[in-house]
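# Understanding the architecture of this molecule
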Amino acid sequence: MSTKPEKPSFYLTTPIYYVNSVPHLGTAYTTIAADAMARYRRMTGYDVWFLTGLDEHGQKVEQAATAAGVTPREWVDRLAGEFQETWRMLSISNDQFIRTTDPTHTHAVQELARRLYESGDIYAGTYEGWYCLPDETYWAEANLEPANEAGERMCPDCTRPLTFVTEENYFFKLSKYTDKLLEWYDSTSDGLAHVAPETRMNEVRSFVERGLDDISISRSNVKWGIPLPWDESHTMYVWFDALINYISAIGYGTDKNAADAEARAAEFAHRWPAQLHYVGKDIIRFHCIIWPALLMAAGLELPQRVFAHGFLLTKGEKMSKSKGNAQTPAELVEQFGVDGYRYYFLRDVQFGTDGSISHEAMVQRYNGDLANDWGNLCSRLFNMVGKYCDGAVPDASGYADAAEGAELREIAAGLGAMVEERMVKLDYAGALEATWELIKATNRYLEESAPWALAKDDATLPRLYAVLYNALETVRIAALYCAPVMPNTSAQVFERLSLGDIWAVDDLAAATQWGQLPVGNTVTKGDSLFPRIATE
Ligand code: ME8
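All figures in this text were calculated on a predicted structure; none of them were measured in a lab.

Over its 14 residues, helix α10 (residues 284-297) runs 19 Å from end to end, which matches the ideal 20 Å to within 8%, given 1.5 Å per residue. At I290, α10 is bent by approximately 30°, the largest bend along its length, and proline P292 sits one to four residues beyond. The element α10 is extensively covered by neighbouring structure, given that 13 of its 14 residues are classed as buried. After α10 finishes, the residue G299 shows a positive phi value of roughly 70°.

Put into structure tokens, the structure is as follows:
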């Protein structure tokens, strides 16, 4: 009896978003990218744990609740529902949804804080300086521009006015970890840099090389937060609270008396360190400086990789309802479908760099790549199988010409390695582009071999069946490679080919080997996968 070897763990996370606003194109972007990776890694044999969630504490959330005339608790509960609904609508396959108001999270934060206080890495002091409320960020004088004409100091990141605060606070000895952080930046994991892309690594490294100050980790006038266990007049600075979610979610700091304490500890040992933290470039200092330093102080392993993507920009054209070019995920999904939405953002914007998005580009991508190339290939092919083969996968064995479909077999054989190489770099656009080579080659193959002509003569029927089989087989393979980004349409293609559950695939390399489409399987034409969008 053989037992399957245990799958390697792949733990990936998104930032936990603030609940001061509803999910938008930016937060959806990070979440979709992480989802595509989670799905891809499940299909390539990993034991995936995909975490997303919400950052529910802090002054900003407290103020948003007050402005809405509700308690912070009512406010976060309402917004948590909206986030979860939006992620469901976008086919996000997260394994867990953490909220920093969860009692297990609170316990873990207090546990870690206590540990650092006892070891001397957290100490009492006075904070005097600038604070950016919208970003919940402290700023040292040295990083600021002189006051403007109105006498205001501005946040270097978001350019909004800062507030001067003087508070008795607790501090974290960040300065102590400067050299260790620089060593970490110089090391790699499986040959990959811990911070990517390189521009972000350089930015973080030069910030640390300038020297780090200790940072305040508590607030005494913010009530909506986690109290410090040794001094309940302080709540934990919201960024510390938030970062710890990545370990509290998977079992760190579980109450020793909890019924599941042992199981949670085992889970933590299994899943930590994370393979991949997805973040936007706005929050790299928290993830690439404070977070690793905090883990070092706690004696925990560091994440293998933090990948910071760029910003989505709307370049001149504002996406607005009144212009008929919707701006919320829900409005865009209504027009482009979930998979059309997911495809656009991962195909048209190079992950890692800033990218302009526009309604016009979205329509172009959709009509070009999805309606014309992929959708049309499926519908005309399934249609022909209906017409010439009674709607069943034909038997190609009567036509023994090795050259028939050789180009398709060759592209398909090389695709797996290419997609893997690009996915490791989080180059979604590149992985999709490679998949499109197969899709385009199949469309060309059908044009060139003209099945409609082969169907006219009994003598060419064996070749007709070979051509249709080859095209169906590439469609099956392309659907597998498209699945992480376009889960719904790929599942539909599988259904139409009477294949099993696409999500049961956990060995993509084996599943994409040529020739597995069973002869005789019913092929259903179905509705158009990507109906064209009229452009007037
Ligand atoms: O920073 N383009 O939460 P947040 C691309 N709670 N991505 C964007 C974007 C845009 N225009 N706008 C937002 C926080 N994002 C903290 C995180 S984690 C321990 C705590 C995405 O709601 C991007 O991932 O402000 C960015 O980093 C994140 O949303 C910020 O989300």
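Further notes follow.
With that settled, consider helix α9 (residues 261-271). Where α9 is concerned, the buried positions are A261, R264, F268 and R271. The buried residues of α9 occupy one face: seen down the axis, they fall within an arc of 105°. The outward face of α9, more than 90 degrees from its buried face, is lined by the exposed residues E262, A263 and A269. Residues of α9 that are buried sit in contact with β1 (9-18), β2 (47-55), α4 (103-119) and α8 (245-248).

Generally speaking, soluble globular proteins have nonpolar side chains that are buried together. By size, the foremost hydrophobic cluster in this structure holds 110 residues, and its most contacted members are L12, M37, Y278, Y341, W374 and Y428. In terms of residue count, the dominant contributor to this core is helix α16 (residues 461-482) (14 residues). L174, L228, L295 and A308 belong to the second largest nonpolar core, which has 70 residues in total.

The strand order across the open sheet built from four strands is β5-β4-β6-β10, with neighbouring strands paired in antiparallel fashion. Of all the strands in the sheet, the pair left with one neighbour each is β5 (137-139) and β10 (215-216). The pairing of strand β4 (residues 122-132) with β5 spans three bridges and is antiparallel. Bridging across to β5, Y131 finds its partner in Y138. On the sheet, α10 packs against β5, β6 (163-172) and β10 and is oriented at approximately 30° with respect to β6.

With that out of the way, let us pick up the pattern of salt bridges. Any two side chains of opposite charge can pair if their charged atoms end up close together. Inspection of every chain in the model, using the stated rule, returns 26 salt bridges. For R153, the salt bridge identified is with E141, shortest N-O distance 2.9 Å. Placement of R153 in the loop between β5 and β6 and of E141 in the loop between β5 and β6 is noted, with a sequence separation of 12 residues between them. The class for R153 is buried, based on a relative accessible area of 13%. With a closest N to O distance of 3.4 Å, R219 and E167 form a salt bridge. Taken together, the positions of R219 in strand β11 (residues 218-219) and E167 in strand β6 put the pair 52 residues apart, joining distant regions of the chain. Residue E167 is classed as buried on the basis of its relative accessible area, which comes to 8%.

Parameters and conventions
- Each chain has its residues counted from 1, running along the sequence as written.
- Local features in this predicted model are restricted to residues whose pLDDT is 70 or higher, and side-chain atom pairs enter the listing and the counts only when it is 80 or higher, whereas totals over whole chains, interfaces and linings include all residues.
- Side-chain calculation: all heavy atoms of the structure are included, whereas hydrogens and water are not.
- Starting at the N terminus, helices and strands are each numbered in turn, a helix being any DSSP run of H or I of at least four residues and a strand any DSSP run of E of at least two.
- One less than the residue count of a helix, multiplied by 1.5 Å, gives the span that helix is expected to have.
- Working definition for bend: take the seven residues up to and ending at a residue and the seven starting at it, fit an axis to each, and measure the angle between the axes.
- Only protein chains enter the accessibility calculation, which uses a 1.4 Å probe; a residue whose area is less than 20% of its type maximum is buried, one above 50% is exposed, and one in between is partly exposed.
- Within this analysis, the arc is defined by the directions that extend from the helix axis to the C-beta atoms.
- Contacts are residue-level and defined by heavy atoms, with any inter-residue pair within 4.5 Å sufficient.
- Take the buried Ala, Val, Leu, Ile, Met, Phe, Trp, Tyr and Cys residues and link them wherever side-chain atoms come within 4.5 Å; each set so joined is a nonpolar core.
- Strands are treated as partners if at least two bridges between them are detected by DSSP.
- Every axis in this analysis is a line fitted to C-alpha atoms, fitted for helices over the stretch in contact. Angles between the N-to-C directions lie between 0 and 180 degrees.
- Only one rule defines a salt bridge in this text: a Lys or Arg side-chain nitrogen within 4 Å of an Asp or Glu carboxyl oxygen.

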